[in-house]
Amino acid sequence: MFWGLLRPKTGQPDELDKLKNNPLIVSAPTSAVYLAAATRILAEDMGFRASADKEEARFGDGTPAPQLTYGLIEYLQGLDLSECDLLELGGGGSTEFWRARVKKVTTLETNPQWAHKIKAGNPGVYVEVVAGPRMAERLSAFERSFDIIVIDPDANRYECAKAAAQKLAPGGFIILDNAEWHPNASQALRDADLIEIDFHDFKPCHHYRSTTSLYLSRDFRPKPRKDRLPLVPIGGKRADHSVHDVKS
């Protein structure tokens, strides 16, 4: 059965009557059609259905995805991060995502069993088990700074945020997941003179919307991964450049 809007090209009443009487066409309100299209994009193109069924974050094409909000993930996919040294506090499916995009990944994890799984599935990634109360202390002990720091551990995120701000390289950025649950950590990063951008959206394997926030150094300059930025979003519509990109 075909679901569609009864929108004849000519707008003539007789053509509209023909469409209404066609048994292969079902009349539906615009809202229902739009909702069906939006659901398909989220469920299939973005991989929400498969991620929930398998309890493993994946995009629609099967590639690994971090459990961050979709809006932020798509923004990151448009950036060239190939020369970045990244530290993630709390690893998992995100480790594989980062490993394919950055130069070096270091992961601090609180769960020994989970850390073993991460290490086994991600050759070349340095994985270290750290007790939750010592996470910020271990971060501060690094003798180098990082271009990207991802804060998503089973630990005190406020203390981690304060330590991360001191270990961020010039031009880098920090990611804080579930920022809406950790306003003090968010405040600490803003107090470090970082620019906060909140991405409110759904995320893989979650049935509710969440917030993943990005904290940019003042000298952050995004480098596009391809020939354009931003990318056309998953499920998006390409514009007619002959109309929209005319130079005066």
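Structure: see above.
Residues numbered from 1 in each chain as written. Predicted model: local features only at pLDDT ≥ 70, side-chain atom pairs only at ≥ 80, totals over all residues. Heavy atoms only, no water.

Caption draft 1: Seen up close, the packing of helix α8 (residues 157–166) against helix α9 (residues 183–191). Look at α8 against α9: their axes get within 8 Å of each other, and the N-to-C directions meet at 15°. Compared by their axis directions, α8 and α9 come out roughly parallel. α9 is crossed by α8, and the crossing has right-handed handedness. Residue-level inspection shows R157, Y158, A161, K162 and A165 of α8 in contact with α9, the latter providing N184, A185, A188 and L189. Tallied by class, the residues present in the contact of α8 with α9 amount to 6 nonpolar, 1 polar and 2 charged. (Axes fitted to C-alpha atoms, helices over the stretch in contact; angles between N-to-C directions. Helix = DSSP H or I, 4+ residues; strand = E, 2+ residues; numbered from the N terminus. Parallel < 35°, antiparallel > 145°, perpendicular 65-115°, else oblique. Left-handed = near helix turned anticlockwise from the far one by under 90°. Contact = heavy atoms within 4.5 Å. Nonpolar A, V, L, I, M, F, W, Y, C, P; charged D, E, K, R; others polar.)

Caption draft 2: Just the environment of G78, in detail. Tracing the chain through its elements places G78 in the loop between α4 (70–77) and β3 (85–89). If we skip the residues at most four places from it in the chain, G78 touches K223, P224, R225, L229 and L231.

Caption draft 3: Region of the structure containing the nonpolar core. By size, the foremost hydrophobic cluster in this structure holds 31 residues, and its most contacted members are L81, W98, V102, I148, F173 and I175. Broken down by secondary-structure element, the contributors of at least two residues to this core are α4, α5 (93–99), α6 (112–121), β6 (146–151), β7 (168–177) and β9 (210–216). Counting residues per element, this core draws most heavily on α4, which supplies 4 residues. In this view, I148 contacts L81, C84, D85, L86, L87, V102 and F173; residues no more than four positions away in its chain are not counted. In this structure, L108, V130, A164 and L168 belong to the second largest nonpolar core, which totals 25 residues. (Core = buried A, V, L, I, M, F, W, Y, C linked by side-chain atoms within 4.5 Å. Buried < 20%, exposed > 50% of the residue type's maximum accessible area, 1.4 Å probe, protein only.)

Caption draft 4: Structural detail: the packing of aromatic side chains. Taken as a whole, this structure holds 6 aromatic pairs when the rule is applied. When the ring of F142 is compared with that of F146, the centres are 5.2 Å apart and the planes differ by 90°; the resulting orientation is edge-to-face. Taken as a pair, F142 and F146 share a single burial class, namely buried. Joined through ring pairs, the aromatic side chains of F59, F97 and W98 make up one cluster. For R138, the ring lying beneath its charged end belongs to F142, and the centroid distance is 4.2 Å. (Phe/Tyr/Trp six-rings, centres within 6.5 Å; stacked < 30°, edge-to-face > 60°. Lys NZ or Arg CZ within 6 Å of the ring centre and 35° of its normal.)

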